[in-house]
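Here is what each chain is made of, one letter per residue.
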Amino acid sequence: MKRSKHRGHKEDRNGDEPAILETEDLDRQGMFLGGGPDPDTISLASVTAVTDNVSNKRSKPEIKMEPSSGRPVDYQISVTVIEGRQLIGLNMDPMVCVEIGDDKKYTSMKESTNCPYYNEYFVFDFHVPPDVMYDKILKLSVIHSKNLLRSGTLVGSFKLDVGTIYSNPEHQFYHKWALLSDPEDISAGCKGYIKCDVTVVAKGDTIKTPHKVNESDEDDIEGNLLIPEGVPAERQWARYYLKIYRAEGLPRMNTSIMANVKKAFIGENKDLVDPYVQVLFAGQKGKTSVQKSCYEPIWNEQIVFTEMFPPLCKRMKIQIRDSDKVNDVAIGTHFLDLRNISNDGDKGFLPTLGPAWVNMYGSTRTYSLMDEYQELNEGLGEGVSFRARLLVNLGVEILDPSSPEITSSTDVQLEGVSNISETATGKVEEFFLFGSFLEATMIDRKIGDKPINFELTIGYYGNEIDGLARPKKGKKGGGDGEEEETDLIHNSSDEEMDDDGDLTSVATTPPMKPVITDRNYFHLPYFERKPCIYIKSWWQDQRRRLYNANIIDNVADKLEDGLNDVQEIIKTEKSYPERRLRGVLEELSQGCSQFLALANKDQNQSGRTKLDRERLKLCMAETESIGQQAKMMRTQVKKSTVRDKIKLAQNFLTKLRFLADEPQHSVPDVFIWMISNGKRIAYARVPSKDILYSSVEEETGKDCGKVKTIFLRIPGKKGFGPAGWTVQSKIEIYLWLGLTKQRKDYLNGLPNGFEENKLSKGPGMPCSPPISLTYMMKQIFQLRVHMYQARSLFAADSTGLSDPFARVFFSTQSQVTEVLAETLCPTWDQLMVFENVELFGEATELRDDPPIIVIEIYDQDTVGKAEFMGRTFAKPVVKMADEHYGPPRFPPQLEYYQIYRGNCTAGEMLAAFELLQIGPNGKADLPPIDGPTDLERGPILPVPLGIRPVLSKYRIEVLFWGLRDLKRVNLAQVDRPRVDIECAGKGVQSSLIANYKKNPNFGTLVKWFEVDLPENELLHPPLNIRVVDCRAFGRYTLVGSNAVSSLRKFIYRAADKQANNWTTTEEMVVVSLDPEPGFKKMETVVKLDSRVDFVSTRK
């Protein structure tokens, strides 16, 4: 989120940069921690612990917005069929069919040969989301004697999925032999080999042609098979048994027009859904029977696939569909990734799963004839609501083809299986979900000013439409009981009474009219009264799975933060990064040993599956080895080896993240919906494990019982790309999920100082959760935002520049900076003061843990609306009324914050933030704002002295040589180029090259300009180089641009004058820029000769 993690609160030194300990200080600490002065053994605990009094009330917001899957991308698959060998058959005329999905292409036919040579090249183009692409199957089959009249007989075929090719190095297989086998007869063995090249290229990938191997190597067929690394050459046939027992929680579909028509004609009032399950695996499709009109279908069937093992396709697609005479629609989709449910190590296990419930997510549960989010049900993109859950069991059995009783064909079979006992998936427990909305701001003005409310759902609980079917107490998800369940139609209001008079759920907040914040956003006026919601739900108690995932996730989060810290120390050239890395590795090995201690509990719990046991073994073995390696590495960390060790630690991180991904679901995810005037506008999805409570701290989810800032997004296709980057609404929400019997502490993490408001009930009734909280304590603050500058912003205009301004949000207020024209490194130098900011809660808590500030950067266009360029967060430094304004914490220092645009970084912002409490004497007690007075800028206040950097005059000299290798721009050649160089708002232009073809060198060589730069070299803005082509009639076209991010290496230091004898440094810079998507990248080599004279005149 932020460059230096968090602001230092207590231990800031009065130095140039914040929150960094001086070196001698580290030495003292080193002696203190390492037990001795040997510098190679000292390790440092987390920097956050040193410089921040960490508070536990708020969790870190997610800065990256866009879900990456689901957006269509251009792909090209090229297949070269070179030759065939050892094809089995007599008097053959073979041809090869290349098939991807529904596309088929054929080679020519070679007459009477068993070793045909083709060398034919095929190209397939696709424009689909990555998930769809990677699941497509590439099938090579050899057919013999096909002609116009006969379809030919299949000799053998080979298949693998596109994802396997894409994950291979360079996204390709080059000159490899595909082994053909006959799908009709699995005992027959190898039917021949086809030599081919396969390449998958996505838009933007670079294509490398592999080096030629000598011919004799390629003729070694066995050594060059078309299989990825680590897959054995001799693959065996195996049976994949997928048992499908039953589903529950299917969305109600009887609200459609069709339902009323049917009812009118037939007069029956049945459940209007005929579900069946369809499974796609390795290019084969299996289906269960259709259960007519049933919302709680019970199939008890198994689908059997026969396929090679290990299969060359990674995922099995399981889909519940609604059978219909006109068109079948998907209700929900789940992908089983075989890598997550098997392990190919020595102590590994074959793919296995369940019996366990898998949760399916997709479009909203309201049924309409035209479902605009239908593709979400097909498994594209992130589901925006719970659709159903399915009870499945997967087993794999390796076949012995020689045994007589095995049928030799690979057709998919469907068989019945016996019913499964109710307790097989675990004991049903009552879960309790509590949420409190503390703030809802940044609501997009486009939504309109109709009343807005929020809805929380977990699975099929909490949804108004499904408010009908409620389980009886203590009986859920079990064979015979399911029929009566639907009969329990209570009063279908949102608040439902339970047997003991306790309310089961209040799932929506009361509607409220939004209030204008500024011309782009609304907010909801919650002020001191914060609405709450709570839902009771019943699920199988499989918390152990989530707990183990949480422990690993917590270890991984700590490791990630620590590695970011170390990289930050290296980047800002602070001393002793190796000590911090030792601290990180120490924490990692402790975390691993904690996992080993905790993970083995609850072993005899009901509903544990084979996969649970195997995964536990795997996780324990892996974490143990990671912990030991980390211990070893800690002793080897020296200053010289820091970078290599960081790389190794990154591998640990990927491994831990893989282990934390639990394939068997238990409690479904929680969805938060913003509803305006009855219409669903935007949503957020919170994984249930993140908010799950446990009495053991390490097992608790990272956001459980904490205030989290969540940005709501547009659902479905509309949320891709720039539309999805704008925030629909920002909410501050407190969430807690746990068993009802654990719920005594569920309010503990809320900011203090509130009273609970409950629904009035008769005397002697059990205590129910609050429906809202009223905060009795209110603090008034003034927020000062010191926006100094930004660097390396996104180029939003076709000129390669932007006209940036920043919009700052805090609580229910927002302000904007001025717009600076034509720059990627704006220096706003502006102080923004937010008066009378009201925050609710205790003063001390607000001091330690203030709410976050959101800063968004926009590009101002002359017409139309401003274009979004990025977003970042910050926490202010807080001064209470009774504290002194002075070192070490005040005045705050400027810091760099990383800006994100979607999922990509888009520059950095240099700013400082302070939140000052207004005491009983009003604003008289606040520190004065003393800015430099010589700036005539009207009402805009500059950043005050003491916070703004001290500037010195520098002179930048540039020696222009010439331009080389300029590519065409918009199909026209570059004829009269010029180079513009800019730094901190000042700059210089090279002389014009009159005719680039004749003489690509500049006439005037040396130019210089003077500029004011901060004395602290880490705060220097980059030097921007742009090449433009001057066309006729005063038109300019951007050819390319480049930013030299660090000027430090060019700074001329007088002390080296004698030693260096005025050597100059030459710099080669490669400029590449996409002026328009779809054009080839242009590269321009720019030769800079930079000698920067230091002119010691102070301003």
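Structure shown above.
Residues numbered from 1 in each chain as written. Predicted model: local features only at pLDDT ≥ 70, side-chain atom pairs only at ≥ 80, totals over all residues. Heavy atoms only, no water.

**Some thoughts on the sheet that holds strand 45 (residues 1036–1044)**
- On the basis of which strands lie adjacent, the open sheet formed by 4 strands has the order 42-41-44-45 and antiparallel pairing. At either margin of the open sheet sits one strand with a lone partner, and together these are strand 42 (986–989) and strand 45. Shown here is a sheet whose adjacent strand axes are inclined to one another by a mean of 20°, direction ignored.
- Examined bridge by bridge, strand 41 (residues 977–983) and strand 44 (residues 1023–1030) share 6 bridges and lie antiparallel to one another. Its bridge partner being in strand 44, Asp980 is matched across the sheet by Arg1026. (Pairing = 2+ DSSP bridges. Helix = DSSP H or I, 4+ residues; strand = E, 2+ residues; numbered from the N terminus. Axes fitted to C-alpha atoms, helices over the stretch in contact; angles between N-to-C directions.)

**Observations regarding the packing of aromatic side chains**
- Per the counting criterion, the structure on display carries 30 aromatic pairs.
- Taking 5.2 Å as the distance between ring centres and 75° as the angle between the ring planes, the aromatic pair formed by Phe432 and Tyr746 counts as edge-to-face. Placement of Phe432 in strand 18 (residues 428–441) and of Tyr746 in the loop between strand 28 (729–739) and strand 29 (754–757) is noted, with a sequence separation of 314 residues between them. For the pair Phe432 and Tyr746, one class covers both residues: buried.
- With a centroid separation of 5.2 Å and 35° between ring planes, the pair formed by Tyr693 and Trp736 is classed as tilted. Residue Tyr693 is located in the loop between strand 26 (679–686) and strand 27 (706–712), and its partner Trp736 is located in strand 28; the two are separated by 43 residues in the primary sequence.
- Among the residues examined, Tyr693 registers a relative accessible area of 18% and is labelled buried.
- Accessibility expressed as a relative area gives 2% for Trp736, which makes it buried.
- Here the aromatic cluster, defined as three or more aromatic residues joined through ring pairs, consists of Tyr361, Phe386, Tyr460, Tyr461, Trp538, Trp539 and Phe671.
- When the ring centre of Tyr361 is taken as origin, the NZ or CZ atom of Arg685, which lies over that ring, is 4.0 Å away. (Phe/Tyr/Trp six-rings, centres within 6.5 Å; stacked < 30°, edge-to-face > 60°. Buried < 20%, exposed > 50% of the residue type's maximum accessible area, 1.4 Å probe, protein only. Lys NZ or Arg CZ within 6 Å of the ring centre and 35° of its normal.)

**Structural notes on the environment of Ile771**
- Take Ile771: it is sitting in the loop between strand 29 and strand 30 (772–775).
- We classify Ile771 as partly exposed; its relative accessible area is 25%.
- Here the alpha-carbon distance between Ile771 and Ser436, two residues 335 residues apart in the chain, equals 8.8 Å.

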